Each structure stands twice: as C-alpha cells, then as structure tokens.
Amino acid sequence: MTEPLVTLDQLTVAFDGRPIVDRVSLTLHRGDIITVIGPNGAGKTTLIKAILGIQKVTSGSVTLADRLTVGYVPQHLNLETTLPLSVQRFMSLSGRSLQECQAALDKTGVGHLMGASIHHLSGGERQRLLLARALARKPDFLVLDEPAQGVDINGQAALYDLIRQLRDDLHCGVIMISHDLHLVMAATDKVICLNQHVCCSGYPADISHDPAFIETFGQPVADSLAVYHHHHNHHHDLHGDVVDAGRHPDHKECGHAHH
Amino acid sequence: MPIIDAVLDDFFWRALIGGLGVALVAGPLGCFVVWRRMAYFGDTLAHSALLGIALSFLISVPLNVGVIITCVVLAIALVLFSRSRTLATDTLLGILAHSALAIGLVTLSFMPDVRVDLTGLLFGDLLAMSRNDLLWIYGGAAVILVLLATLWRGLLMSTIHEELARVEGIPVERLRLVLMLMFSLVIAVAMKIVGVLLITALLIIPAATARRLAHSPEHMTLLAMVFGFVAVGGGLSLSWHLDTPAGPSVVVTAFSVFLLIYGSARPARS
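Parameters at a glance
Residues numbered from 1 in each chain as written. Chains lettered and ligands numbered in written order. Predicted model: local features only at pLDDT ≥ 70, side-chain atom pairs only at ≥ 80, totals over all residues. Heavy atoms only, no water. Helix = DSSP H or I, 4+ residues; strand = E, 2+ residues; numbered from the N terminus. Buried < 20%, exposed > 50% of the residue type's maximum accessible area, 1.4 Å probe, protein only. Contact = heavy atoms within 4.5 Å. Areas by Shrake-Rupley, 256 points an atom, 1.4 Å probe, with all protein chains shown as cover. Salt bridge = Lys/Arg side-chain N within 4 Å of Asp/Glu carboxyl O. Polar contact = N/O pair within 3.5 Å; in protein donor to acceptor, adjacent residues only side chain to side chain. Nonpolar A, V, L, I, M, F, W, Y, C, P; charged D, E, K, R; others polar. Patch = residues over 30% accessible without salt bridge, like charges linked within 9 Å, V, L, I, M, F, W, Y side chains within 5 Å. Pairing = 2+ DSSP bridges. Core = buried A, V, L, I, M, F, W, Y, C linked by side-chain atoms within 4.5 Å. pLDDT = per-residue confidence, 0-100. Axes fitted to C-alpha atoms, helices over the stretch in contact; angles between N-to-C directions. Left-handed = near helix turned anticlockwise from the far one by under 90°.

## Some remarks on the overall build of chain A
Then, in step 1: Looking only at helices and strands, chain A features 9 helices and 11 strands.
Then, in step 2: The proportion of buried residues among the 259 residues of chain A is 50%.
Then, in step 3: Pairs at least 24 residues apart make up 68% of the contacts formed inside chain A by residues separated by at least 6 positions.
Then, in step 4: For chain A, the computed accessible surface area is about 11600 Å², with 51% contributed by carbon and sulfur atoms.

What follows is the structure in structure tokens.
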C-alpha cells in the first residue's frame, strides 16, 4: 500500500464552540475518488477548506503527503468586473506554459474560449475554466466543490466522466462535493454522507448489491439512491445535532442496514 | 549640473517632477484599490496621515517617517479589527477615518509653537515641494515599482481569487501586508502634492478611467499611470496659471479626463 495523499484524524472545526465538522477521519490514496454528500449546512465546504488549509482546524489533524500539488475548483468564481481579464491571462497566472494551458482548456471542452473575456463566460463555462485551471497544474490531489454547478444535464454527465478520466490520466486522488447523486455514483469509489459528523460512509456497490433493494427499486436507482436509504442509529434535530447519541457514542460508521 | 540645478530651483518644476513621480506609483496602486474595492480603506489611511504629522512633531521625527508609521499601524489595526466582524467594515472605516483626522487636528491645536499650513496639508500645495521631498518621492516610487514587479503574479492572483491563490501556495496574508505598506508609502509622499483629503482621488480616478480602455490588468496599470501624468501635469499647470489650489486642480483635471473618456470611448471588450 502506498502512502496516503491525505489523512484526516478526528478533524474538528468549530465556530463559536459549535462543531461544524465533527471528528471526521478519512484517508485518501492516489486513484481514489471520494464524494462528500449531505444536506445544506452539513459542513461539506468547511471540511474541504480545512483539508486545503484555508480554514483553521479546531482540533484533530490534517496530514498531506510531502510536495503535493493541489488543484482546487472552488464553488464560485466571483470576479470584479473592474479587473479586465481574459481566459488566457487567468490560465497563465497558474504559472504554466501556454501549451499546457491550452491543453487543459481543450480537455474540459472550452479550448475555443482562450481569447474570450472571463467576464462574458456563462456559469457552465466558468466551471469548466476553473477545472482547466486546476488541471493545468497537474495536481496530485484534486479538490472540487460542486463542480457541475450551472452545467447543463448532458454536460454534467460528461463532466463527471471527465473527472474520472482525469483521475486515471493523472493518477491523482480526488475529493469532491456533489449533489448530483445519480451521476456521481458511477464515478465514485467511496461516498461519505456528512452531517457535521460522518453519518455513514461506504462503497456505492456494496449498498446496491443488496438483492431486496435491487428488486424493489431496480439497479439504476439502487446505484444512486442506496446511500440515502441507510438506517441512522441516531436522529438529528433541526440544528443537525445528534439526539440520543448516548446510545451509540461512537457513530462514525453507522452501517447500511436496509429493509 | 547647471541645467538640473536650474530646473530644481524652480518651485513649479519641482512640484511637477514630484507629481509625476507620485502618478507613476499611484497608477498601479490605484488599480489595486479599484480591483479590491479598497477606496474607503485608502481614504481612511490618508486621513490618518494628519495624525501622523501631529505625532511627528510630538516626537520630532521627519514628517514622512511619522506618516508612514501611523498609516502602517492603522492599516494593521484595520485588518485585525475587520476580522472580528462585530462591526461592518464600512462603519469601522468611517469611525477610524474621521477619528484619526479629528485626533490629528486636535493634537495639532495643542501645539501652538508648531506652525503648520493646514490648508496645504489637507489640499496640497504647489509651493511646498522641496528637493528633499523629491528624493523621498523617487526613492519611494523605486521601492514600490520593484516590489510590484517582483510580486506581481501573487498580488494579481490573490486579488482575483484569494482562496485559489492560497491553495496554490501564494502567501496571501504577507502580500496584503506588503500592499498596505505600499499604500502607506504612497500616501506619505503624495500628501504634499494633492493633500490628505484628495489622495484617494489620485489613486482611483486614473485607474477607473483606464478601466474603460484596458484589455488586461497590465494594460490597465500602464493606462492609469498615463492618466495620472495627465492629471498631475494639467492640474499643476492650472494651479500655476490660475492660482488655484494644487490638489483640487489635479483632481478636477483627472475628473475631466474621466468624463471625456467615458463619454467618448467605446468600452474595451474585456
């Protein structure tokens, strides 16, 4: 087994004493794709910001492998219109050569926009540009915060295919946040359902192998929805706090019992 | 050299040469003020310059040094305060800007022995530029231009997307501090020409004018320099011929150019 790219040990981020990310542990190796799912306010973005080192960690630790090149696709690219900026200039700020930038743009399907102003791009084009920006750096570790936002349905499937293909080409590790469960499941090794703490984590295939589940819902739905049909061994109140946690003080892996 | 001496003996030429030196750095720094939405921030720093002058007299250090130190301290205080988020940033800036100005004025009034030309400090003075000031301006300009050139990619990247810059290993916080230092320096040297109250105008009007025509960040900084030259040259000439106050004349010229460009030029496509 090679050395992991990323190791989280009991990672906790708290705001005003309230944990937003609560004792999350995970490891990511080269070639892994981990998808983080969960409701709004579950701390998904906070978790990846902590991993990236742009969010202070309250306790626990984040360990990244030495000399790791990180590619980050942030949730938004909000640009000041007062700053005149072309796609080419934005790409070249990554410090990579023009050829590498062009190749990265071609890969994400926006190669023709090299000369365009960045302010005239659509939402979907911006997402592809951000992905190309991350790619140009040839990352060992790729972090994506809702990469398919604003991308049309056909484009979404293509985008997740692309992410999987990039994982193979670059042999990098990937952590992404996504709401597009139907599309993500096939491209993912491991899903983590986050609601401050890790509600459950596992491999989509394990869940979808449950015969009763497949019989009831069919394979495609099982693939995408299985992960939402796990039994919690605890409940959440409106704030997402765990109620009745005393019964199962350690609920990081709550299992996947099904009807 | 006699020619240079003859030029530098003339107060108008001293003011013009000094003013052009200020415009040289006010252009690029003004672009950062516009890009980072720091106009009010720049104003606050500039207002605190008067407090710096008062303190310089109190502890008898050169005016420029006193102004730079005061601006830097205030800039750091502002960054720290704004992190706590108990008050909105613009409220905080408003409090500090006017308090610093008021404390400066009150402190000066306690020192009757000190004769300062308050109008000159607030609105600039064509006659005030000494040879020593020219040294400060061009020394400061050289430092700022070298810093900008070496740190350009990092400064630009952290302006475009701070988190992305941070992930890519750019020392965002340190660059922010360097930018503050550069602002403090430019305020200390620009004060003589345009005055404390109008420095922000010399920073943002040429930059805003340049935006209309620019197609890249670098292009915008160069254009901002050019428009700064025009504002200083035109303004000081106006001041000399019509005996108008120097700072306001520079700002009026800058504003006229701004109106002219926005009225006539088609916006650049980026």
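## What about the overall build of chain B?
Then, in step 1: Scanning chain B from terminus to terminus reveals 12 helices and 0 strands.
Then, in step 2: For chain B, the succession of helices and strands along the chain, N to C, is α-α-α-α-α-α-α-α-α-α-α-α.
Then, in step 3: Looking at chain B as a whole, 54% of its 270 residues qualify as buried.
Then, in step 4: Relative to all contacts within chain B whose residues are 6 or more apart in sequence, the contacts with residues 24 or more apart total 75%.
Then, in step 5: When the accessible surface of chain B is totalled, it reaches about 12100 Å², and 70% of it is carbon and sulfur.

## Let's talk about the interface of chain B and chain A
Then, in step 1: Counting from both sides, the interface comprises 24 residues of chain B and, opposite them, 27 residues of chain A.
Then, in step 2: A salt bridge links E80(A) to R37(B); its shortest N-O distance comes to 2.5 Å.
Then, in step 3: In this structure, the connection of chain B to chain A is made through 9 residue pairs in polar contact (both at pLDDT 80 or more).
Then, in step 4: When residues of the side of chain B that touches chain A are traced back to their parent elements, those giving at least two are α2 (11-35), α7 (131-160), α8 (162-167) and α11 (217-242) of chain B.
Then, in step 5: Its residues assigned to classes, the side of chain B that touches chain A comprises 11 nonpolar, 5 polar and 8 charged.

## Description of a nonpolar patch on the surface
All names here are of chain B.
Then, in step 1: On the surface, L55, L58, I59 and V61 cluster together into a nonpolar patch covering about 340 Å² of accessible area.
Then, in step 2: As for its position among the elements, V61 is in the loop between α3 (39-58) and α4 (63-84).
Then, in step 3: According to the relative accessible area criterion, V61 is partly exposed, its value standing at 31%.

## Examining the pairing of strand β8 (residues 190-195) of chain A
Residues and elements named next belong to chain A.
Then, in step 1: Taking burial as the measure, the 6 residues of β8 include 5 buried ones, the bulk of the element.
Then, in step 2: Examined bridge by bridge, strand β3 (residues 33-37) and β8 share 4 bridges and lie parallel to one another. Bridge assignment links T35 to a residue of β8, and that residue is V191.

## Some points on the environment of T159(B)
Then, in step 1: Locating T159(B) in the fold gives a position in helix α7.
Then, in step 2: Spatially, the C-alpha atom of T159(B) lies 9.5 Å from that of R176(B), the residues being 17 residues apart in sequence.

## Quick notes on the side chain of S178(A)
Then, in step 1: Here S178(A) shows up in the loop between β7 (173-177) and α6 (181-187).
Then, in step 2: There is a polar contact of 2.8 Å between the side chain of S178(A) and the side chain of Y160(A).

## Describing the pairing of strand β5 (residues 70-73) of chain A
Looking along a regular strand, one sees the side chains alternate between the two faces of the sheet.
Residue and element names in this part refer to chain A.
Then, in step 1: Covered by surrounding structure in β5 are V70 and Y72 together with G71 and V73, the residues of both alternating faces.
Then, in step 2: Here β5 runs beside strand β6 (residues 141-145); their pairing, made up of 4 bridges, is parallel. Pairing of V70 across the sheet is with F141, part of β6.

## Side note on the pattern of salt bridges
Then, in step 1: Summed over all chains, the structure comprises 17 salt bridges over all chains.
Then, in step 2: The salt bridge partner of R133(A) is E168(B), with a shortest N-O separation of 2.3 Å. Taken as a pair, R133(A) in helix α4 (residues 123-136) and E168(B) in the loop between α8 and α9 (172-194) lie in two separate chains rather than in one. Accessibility classification places R133(A) together with E168(B) in one group, the buried group.
Then, in step 3: Shared partners join several salt bridges into a network, and the residues in it are E162(B), R166(B), E173(B) and R176(B).

## Section: the nonpolar core
Then, in step 1: Grouped together as the largest cluster of nonpolar side chains are 159 residues, with contacts concentrated most on L47(A), F90(A), M91(A), F141(A), I175(A), F41(B) and L236(B).
Then, in step 2: Per-element accounting of this core gives the leading share, 16 residues, to α9(B).
Then, in step 3: Setting aside residues no more than four positions away along its own chain, F41(B) makes contact with A75(B), L78(B), L93(B), M180(B) and F183(B).

## Thoughts on the confidence of the model for chain B
Detailed reading of the predicted coordinates is not advisable wherever pLDDT falls low.
Then, in step 1: The predicted model of chain B has a mean per-residue pLDDT of 89, with 99% of residues at 70 or higher.
Then, in step 2: Of all helices and strands in chain B, the one with the weakest mean pLDDT is helix α1 (residues 2-9) of chain B (79), whereas α11(B) scores best (95).

## Topic: the packing of α4(B) against helix α5 (residues 89-109) of chain B
All names here are of chain B.
Then, in step 1: Orientation of α4 relative to α5, taken along the N-to-C sense of each, is 145°, at an axis distance of 10 Å. Considering how the two elements wind past one another, α4 and α5 form a crossing that is right-handed. Two secondary-structure elements touch here, α4 through L78, F81 and S82 and α5 through T89, L92, L93 and L96.
Then, in step 2: Taken together, the residues of the contact of α4 with α5 break down into 5 nonpolar, 2 polar and no charged.

## Section: the sheet that holds strand β2 (residues 18-28) of chain A
Residues and elements named next belong to chain A.
Then, in step 1: The 3 strands are arranged β2-β1-β4 in an open sheet whose pairing can be described as antiparallel. With partners counted over all chains shown, the strands left at the sheet margins are β2 and β4 (59-64), one partner each. Direction aside, neighbouring strands of the sheet carry axes that sit 25° apart on average.
Then, in step 2: When strand β1 (residues 6-15) meets β4, the two strands line up antiparallel, connected through 5 bridges. When the sheet's bridge partners are listed, L8 is paired in β4 with V62.
Then, in step 3: Of the strands in this sheet, β1, β2 and β4 touch helix α1 (residues 44-52), which is tilted by about 120° from β1.

## Notes on unusual backbone geometry
All names here are of chain A.
Then, in step 1: A positive phi angle, near 45°, is found at R23, a position not held by glycine.
Then, in step 2: Within the secondary structure layout, R23 lies in strand β2.
Then, in step 3: We classify R23 as partly exposed; its relative accessible area is 39%.
Then, in step 4: A positive phi angle is found at H171, which is not glycine, with a value near 50°.

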